[in-house]
Amino acid sequence: MNPVPGFSITTPYGMRGPHWSCRRDSSRQGVHTGADFAAPIGTTVVAARPGTVKHVNHGAAFGNHQIEVVSEDGTSDFYAHMSKRVAHNTKVVATQKVGEVGDEGNATGPHLHFERFQRPGFWGCFNNTDPQPSIDWSPRLLHHVRMAHASLQFSLSRKEKEEDIERIFERCARRGAAWITGTEAGRGAGGSAKLLLDIGHTFGYTLWVPSLEPHIDTDAWIAVSNSMLASDLFKTDYLPVIPSSRELYKRQGVNPRGKSRWSEKGLVTVEFDTVFGRVGVAAAHYLHRARNPQRELDGINHFELNRRMGRAVAAWGREAGEGTDLAFYGGDQNMNDGKNGQPQGDTFFGAPFTSCWDELQKWPDTGHGTIDVIATYNRDNRVKITAADALNDKKFRLHQDHYLVEASAAIVGLPGQAAPRVQGVAASN
Ligand SMILES: [Zn+2]
């Protein structure tokens with residue numbers, strides 16, 4: 001909502017000028033880190049979004065009545081140069097009064113300087129983002145979405161596979177998971193692909209299982225809840241990235257007998273429309289035994305092959321996340337998704353994706369370290385992971401070594417977004 005009802009932006013976010021110090025270019029022009037609303041002293045300032053008012057001090061230049069309104073999605077809005085503010089810790093709904101316009105601090109005239117922070121509590125040139133989504137926010141625009149990633153092992157009887165897949169879909173459907181990414185549905189998994197498709201349909205999901213196509217043998221798959229689909233669009237794609245072991249040993253002239261084996265690994269993707277905009281989801285299964293960058297196995301460097309996957313994820317993310325589209329990823333990285341900056345910490349190899357673990361600063365065990373992730377595209381400022389959990393065998397009793405990662409996200413919709421179609425209408429496939 002407009003934080004100064006009846007007034008509009010007089011100096012926009014991102015404008016360049018010599019008196020601003022953030023993100024300076026070669027000619028010493030910095031950017032304006034907020035949006036200014038010029039209005040007379042005493043004009044009512046309201047909460048653009050609901051949240052909790054915090055009295056803050058991000059420097060004398062912003063005056064003596066600064067506040068942040070910390071939103072439920074973990075971002076915050078910053079209000080500066082005001083002459084009055086409501087009490088610390090006041091919970092406000094959108095459009096509720098939070099203060100009055102002033103000219104305190106470094107201001108050339110009375111105005112509200114309005115910023116949006118990715119993380120509450122501090123001011124920094126790379127913590128603020130375009131506040132337009134906060135200004136555009138309206139009560140119908142905040143969406144909560146659950147996602148899941150299932151890393152499975154299906155080297156079991158058909159009956160046990162079937163029971164496991166049913167339990168996964170039953171849980172995901174009951175919890176309203178919008179989409180599920182997963183692995184271990186290649187040809188070698190003995191019928192898992194067809195079971196996923198059939199059981200997934202029963203629980204109201206549309207699936208892309210590439211190994212059911214005659215010329216593809218890769219094990220990643222994606223299921224999207226029919227209730228998410230706001231149009232007929234369900235675009236599927238597959239990009240081969242790491243050749244199969246058979247192919248690589250052939251190229252190396254290595255006898256494959258007794259060596260570790262894998263089917264082709266690539267990027268499995270879908271694209272569809274939701275009530276909060278167009279969404280792309282990608283899934284992948286990285287190569288195993290790749291934790292040591294220097295180690296070669298039978299003349300093959302698994303770490304370097306996984307770097308190729310990181311590059312593929314990056315290229316896809318940039319394309320799928322163009323404009324207002326949102327991009328998500330779920331995968332079995334087979335490498336430790338540790339803290340950024342630590343050895344092997346970034347399983348995206350610099351690709352602009354952040355795992356739910358890095359975002360929430362916790363790294364639970366998902367088998368052999370934190371190897372299963374759900375991730376969001378770094379430029380999707382409208383998306384914030386609010387919770388994530390890894391369910392191990394103890395919590396989620398299945399027949400084999402399975403891990404289920406679940407994450408929730410708050411997603412800010414776009415104003416003027418088309419209303420959803422009648423829910424439950426399945427797309428093809
Ligand atoms: Zn300003």
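Residues numbered from 1 in each chain as written. Predicted model: local features only at pLDDT ≥ 70, side-chain atom pairs only at ≥ 80, totals over all residues.

**Student:** Residue-level account of the overall build of the protein, with values.
**Tutor:** When helices and strands are tallied, the protein shows 6 helices and 24 strands. Against the 2.2 N^0.38 benchmark of 22 Å for 429 residues, the protein shows a C-alpha radius of gyration of 24 Å, consistent with a compact globule. Taken over the C-alpha atoms alone, the protein extends approximately 80 × 50 × 35 Å along its principal axes. Buried residues in the protein amount to 44% of all 429 residues. Pairs at least 24 residues apart make up 68% of the contacts formed inside the protein by residues separated by at least 6 positions. (Helix = DSSP H or I, 4+ residues; strand = E, 2+ residues; numbered from the N terminus. Rg over C-alpha atoms; globule rule 2.2 N^0.38 Å. Buried ≥ 20, exposed ≤ 12 C-beta atoms within 10 Å, placed from the backbone. Contact = placed C-beta atoms within 7 Å.)

**Student:** Before we move on, can you summarise the sheet that holds strand 4 (residues 44-46) with the specific residues and values?
**Tutor:** A sheet is described by the order of its strands in space; here 3 strands give the open sequence 4-10-8, paired in antiparallel fashion. The open sheet is flanked by strand 4 and strand 8 (84-85), the only strands paired with a single partner. Pairing of strand 4 with strand 10 (residues 97-100), which is carried by 3 bridges, proceeds in the antiparallel orientation. Across the sheet, V46 pairs through a bridge with K97, a residue of strand 10. (Pairing = 2+ DSSP bridges.)

**Student:** Please provide a residue-by-residue account of the nonpolar core, values included.
**Tutor:** Within the largest apolar cluster, 105 residues are counted, with the highest numbers of intra-cluster contacts made by M147, W179, L196, W221, I222 and V313. The element contributing the most residues to this core is strand 24 (residues 403-412), with 7 residues. When residues no more than four places from it in sequence are discounted, the contact partners of W179 are M147, I222, A223, V224, S225, M228 and V281. (Core = buried A, V, L, I, M, F, W, Y, C linked by C-beta atoms within 7 Å.)

**Student:** Give a detailed account of the domain arrangement of the protein, specifying residues and quantitative values.
**Tutor:** With domains assigned, the protein is organised as domain 1 (16-137) and domain 2 (141-412). Once you take the C-alpha centre of each, domain 1 and domain 2 turn out to be 39 Å apart. Each residue belonging to the side of domain 1 that touches domain 2 can be placed in one class, and the counts come to 2 nonpolar, 3 polar and 2 charged. (Domains from an automatic or database assignment. Nonpolar A, V, L, I, M, F, W, Y, C, P; charged D, E, K, R; others polar.)

**Student:** Go over the sheet that holds strand 14 (residues 177-182), please, and point to the residues and values.
**Tutor:** Spatially, 15-16-14-13-24-23 is the arrangement adopted by the 6 strands of the open sheet, whose pairing is mixed. Only two strands of the sheet have a single neighbouring strand rather than two, namely strand 15 (205-208) and strand 23 (383-391). Here the average twist between neighbouring strands, direction ignored, is 20°. Where strand 13 (residues 142-151) lies against strand 24, 10 bridges are found, and the strand directions are antiparallel. (Axes fitted to C-alpha atoms, helices over the stretch in contact; angles between N-to-C directions.)

**Student:** Break down the environment of A327 for me, with residues and values.
**Tutor:** Residue placement: A327 occurs in strand 20 (residues 326-332). Look past the residues within four positions of A327 in its chain and what remains in contact with it is G280, G317, A320, G321, Y377 and D380.

**Student:** Lay out the pairing of strand 6 (residues 66-70) with the relevant residues and their values.
**Tutor:** In terms of burial, strand 6 is largely enclosed, as 5 of its 5 residues are buried. The alternating pattern of strand 6 places Q66, E68 and V70 and I67 and V69 on opposite faces, both of which are buried. Two elements, strand 5 (residues 51-56) and strand 6, share 5 bridges in a ladder whose sense is antiparallel. Its bridge partner being in strand 6, H55 is matched across the sheet by I67. Looking at chain direction, strand 6 and strand 7 (residues 76-80) are connected through 4 bridges and run antiparallel. Note that in strand 7 the partner of V69 across the bridge is D77.

**Student:** I'd like a rundown of unusual backbone geometry, residues and numbers included.
**Tutor:** Leaving glycine aside, a negative phi is the common case for residues, and trans is the common case for peptide bonds. One non-glycine residue, R23, lies in the positive phi region at around 50°. Among the structural elements, R23 can be located in the loop between strand 1 (16-17) and strand 2 (30-31). Located in the positive-phi region is N89, a residue other than glycine, with phi close to 70°. In this fold, N89 is placed in the loop between strand 8 and strand 9 (91-92). Residue N89 is classed as exposed on the basis of its 9 C-beta neighbours within 10 Å.

**Student:** Outline helix 5 (residues 302-320), listing residues and values.
**Tutor:** Under the 1.5 Å per step criterion, the end-to-end length of helix 5 is 27 Å for 19 residues, consistent within 8% with the ideal 27 Å. Listed as buried for helix 5 are H302, N306, M309, G310, A312, V313, W316, G317 and A320. Down the axis of helix 5, the sector holding all buried residues measures 160°, keeping them to one side. Exposed and oriented more than 90 degrees from the buried face of helix 5 are E304 and E319. Residues of helix 5 that are buried make contact with strand 17 (234-242), strand 18 (265-274), strand 19 (277-285), strand 20, strand 21 (353-355) and strand 22 (372-377). (Expected span 1.5 Å × (residues − 1). Arc of directions from axis to C-beta.)

**Student:** Kindly report on the pairing of strand 19, identifying the contributing residues and their values.
**Tutor:** For strand 19, a buried count of 9 out of 9 residues is recorded, marking the element as mostly surrounded by other parts of the structure. Sheet topology places strand 18 next to strand 19; 7 bridges connect them, and they run antiparallel. Opposite V268, over in strand 19, you have A283 as the bridge partner. Pairing between strand 19 and strand 20: 7 bridges, direction parallel. Counterpart to A282 in the pairing with strand 20 is Y329.

**Student:** Go over the environment of V70 with me, naming the residues and quoting the values.
**Tutor:** Counting through the fold element by element, V70 comes out in strand 6. What makes V70 buried here is the crowd of 20 C-beta atoms within 10 Å. For the pair V70 and L398, spaced 328 residues apart in sequence, the C-alpha separation works out to 40 Å. Beyond its immediate stretch of four places on either side in the chain, V70 contacts G51, T52, K54, S76 and P120.

**Student:** Can you lay out helix 2 (residues 158-174) for me, pointing to particular residues and giving the numbers?
**Tutor:** Since the α-helix packs 3.6 residues into each turn, any two residues three or four apart lie on the same face. Across its 17 residues, helix 2 extends 24 Å between first and last C-alpha, which sits within 8% of the 24 Å expected from 1.5 Å per residue. Among the residues of helix 2, K161, D164, I165, I168, F169 and C172 are the ones counted as buried. Buried residues of helix 2, viewed axially, fall in a sector of 125°; they line one side. For helix 2, the exposed residues lying more than 90 degrees away from the buried face are K159 and R174. Residues of helix 2 that are buried make contact with strand 13, strand 14, helix 3 (192-202), strand 15 and strand 24. Backbone geometry just after helix 2 places G176 at a positive phi near 70°.

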